[in-house]
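Chain residues, written in single-letter form:
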Amino acid sequence: MKTAFWCCLTVLLPTSTVLAQRANVLQPYHLPQFAADARLRQQVTFTAPGVPLSDALRRLSEQTGVELRASRDVGQWRLVAHVQNLPLADLLASIAYVFDLSWRVAPGREEQPAVYELYQSSAQAQRARGEFEERASLLQRILPQALAEAHKRLQTRDASAETPSRIRSEKDLVLFYADIFVKDPMLRAAAGLLDARAISQLLSGEDVVVRGEQLSEAQQRLLLSRPFALSASQQPEQGLVILLRWRYRPHSSMLSASVNILYGTTGWGTKQSGLLLPPSPSRGVYAFHDATDLLSLMSSEELRRTLPEEGTPPKHLTVAELLHRLSVMASLNVVAEYYPLCMHLWYPSGAGRNAQEVLQILLQGNFYQPQRVGNTLLFPAKNRYEQRLCDVPAASIRRWLNADGWFGLRLQSLLEIERLTPLQRRALGAWAEAEQDRFGREGDYRAAVYYTLSTLYSGWGTVVEVWRLLTALPPAARLRALSGQQVVINDFAPVVKLPLDEIDIPSFPVNLAQVLPSERLWVQVKRTVAQHWACEKPRFATVSNLDSLWLSHPGESLEAFRRRLQDKEKVQAERFVRVEVETLVLRFGVGNRFIVDPEIQLARFRHR
């Protein structure tokens, strides 16, 4: 009875009481000078749809007459804000709160009003880094315990042990991971190869690769096994593990294990599984998934609010667009930090019919730990440190994808992307995969561009491996290969460490070191550029899908292409785009013969 009573009491607490208890969360982010500066008492209506802090503060300065700026190291972090009639001082404190940054009075001209600068203090930088390091340390600590617990259950055939319904402690986390390892023998064997050093290596963005000959027979059997129930074991598949790769995927906060398997002499396959990085215990919660009480953020009446004039809810909105939608629906202010490369959602049923559904979609992504102060919802990110590690300036992405009125990719863009860190490239590929899905469903030609990015930086296969090999060459050698010359790989010792585990030839060695220096390995690139016309809204997701129905033949005029579509294909098209396709044929060979020649097609689109 006591439990039921307190549950009811929690639900029935007035929203205003809950808000009053949290009203002081912004106080540490107010400068003492804010209270004395009359300019900061003005009511502000302001929108920032996911723009860099430096741009948002510049616009806010122009609007209010108060000089605001962001330090160089934080200026590219992106802000989502939609506020109406909010005191400027409260808006500034809200921005500082969601990013966990500080304001300071910056040097200005004599007898001029104060200039305020947003920056990250050393304590705040350490706090963000400390949460990430705490999660890494926690995994290093509990992983051996979870493996030991799993082995104990398997030896005793203990089917009674269950995963705790709520994770409140490290012991619960050990049981959570142990349950996964019991049910997934492949993951159990792969996790057994991770020590503290390997985990640190993964979280820094470097893959951990183990070749098949380094595995014991017992490890081979487990890696080939299928997931099974505790009461019914199964025989492993017939095959040979030739390579195991661990990789960190920060956009999903997951350590991903993949196993490459050789079946006989012709079969080839890949198995994958994943392990979620534990949540930060410093936040006071061990739960993997969000358990926020919606009534602690919004009243029942606010949660029911809709857009009366709206029919079917839109689909495929970004997180920034969802936050704006929530603000408009509920008539509340919203301030949030935003990392688009690590924040993407899939919600096929639409973007929410009312404020409650929109908020549930946002929390489903497990990106934020929201708070409310007065009439403002604040959305600080849960895993901001690794998300910031993956962040790529918006200006860089615009430069790579937009040039001289064209939208698409050029070879120079890819070479610049290669200068990013592995974590940034991986996050860029995951973001491009989400954008490909978003625009592909709308029949938008941009999907073809994002497909290329997602393939190279979030996918796998022959083309990815040969591209990795090419970009691992020293700049001068890479330039020779791109100009069409054969470049002998044997001359470059660092390259031999690169495992070519995804090349689609079962008999091909998984590491170049196995054939060097006895064999002469080389790479060269053949480049061609062709101009075409395409319908503006064809249903395609890749450049290769632009066949004769949607893409004009080289040299075919627009009128000829239009007549062919109408006469032969019975397609009445009105709007067209100009298409430039640059094809890179990546020839990779041994001795005097090439063994693979995958293609990368870079498309650029321009309206008439």
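Structure's up top.
Residues numbered from 1 in each chain as written. Predicted model: local features only at pLDDT ≥ 70, side-chain atom pairs only at ≥ 80, totals over all residues. Heavy atoms only, no water.

## A closer look at the pairing of strand E8 (residues 254-263)
Condition: Exposure is judged per residue with a 1.4 Å probe applied to protein chains only, and the accessible area is read against the type maximum: over 50% gives exposed, under 20% gives buried, and values in between give partly exposed. Runs of H or I in DSSP of at least four residues are treated as helices and runs of E of at least two as strands, each being numbered from the N terminus. For two strands to be treated as a pair, DSSP must find no fewer than two bridges joining them.
In terms of burial, E8 is largely enclosed, as 8 of its 10 residues are buried. As judged from the 9 bridges shared by strand E7 (residues 240-249) and E8, these two strands associate in the antiparallel manner. Its bridge partner being in E8, Arg 249 is matched across the sheet by Met 254.

## Things to note about the sheet that holds strand E5 (residues 115-119)
Picture the strands of a sheet paired through backbone hydrogen bonds; they go either parallel or antiparallel. Cut-off, in case you're wondering: Whenever a helix is involved, its axis is fitted only over the stretch in contact; in every case the axis is a line through C-alpha atoms, and angles between N-to-C directions fall within 0 to 180 degrees. Contact criterion: two residues are considered in contact whenever any of their non-hydrogen atoms come within 4.5 Å of each other.
Across the sheet, which stays open at both edges, the 3 strands sit in the order E2-E5-E4 with mixed pairing between neighbours. Looking at strand neighbours, the two that pair on one side only are strand E2 (68-70) and strand E4 (102-106), the edges of this open sheet. On average, each strand axis in the sheet is inclined to that of its neighbour by 30°, with strand direction left out of account. Looking at chain direction, E4 and E5 are connected through 5 bridges and run antiparallel. Paired with Arg 104 across the strands is Glu 117, a residue of E5. Packed onto the sheet, helix H5 (residues 88-99) meets E2, E4 and E5 and runs at close to 125° relative to E4.

## Things to note about the nonpolar core
Heads up, the rule is: What we call a nonpolar core is a set of buried Ala, Val, Leu, Ile, Met, Phe, Trp, Tyr and Cys residues that are connected through their side-chain atoms within 4.5 Å.
Among the nonpolar cores identified, the biggest contains 101 residues, and Phe 181, Trp 246, Leu 453 and Trp 467 are the most heavily contacted of them. Contact partners of Trp 467, with chain neighbours within four places excluded, come to Leu 411, Leu 414, Leu 415, Glu 418, Leu 456, Tyr 457, Leu 584, Leu 586 and Ile 600. Core analysis: the second largest hydrophobic core is formed by 74 residues, Val 83, Leu 88, Ala 330 and Val 334 among them.

## Digging into the state of the cysteines
Applicable threshold: Disulfides are defined as pairs of cysteine sulfur atoms found within 2.5 Å of each other.
Under the counting rule described, the total for this entry stands at 0 disulfides. As a non-bridged cysteine, Cys 342 has Cys 390 as the owner of its nearest cysteine sulfur, 4.0 Å distant. Of the residues examined, Cys 342 reaches a relative accessible area of 1% and is grouped as buried. The exposure class of Cys 390 is buried, given its relative accessible area of 0%.

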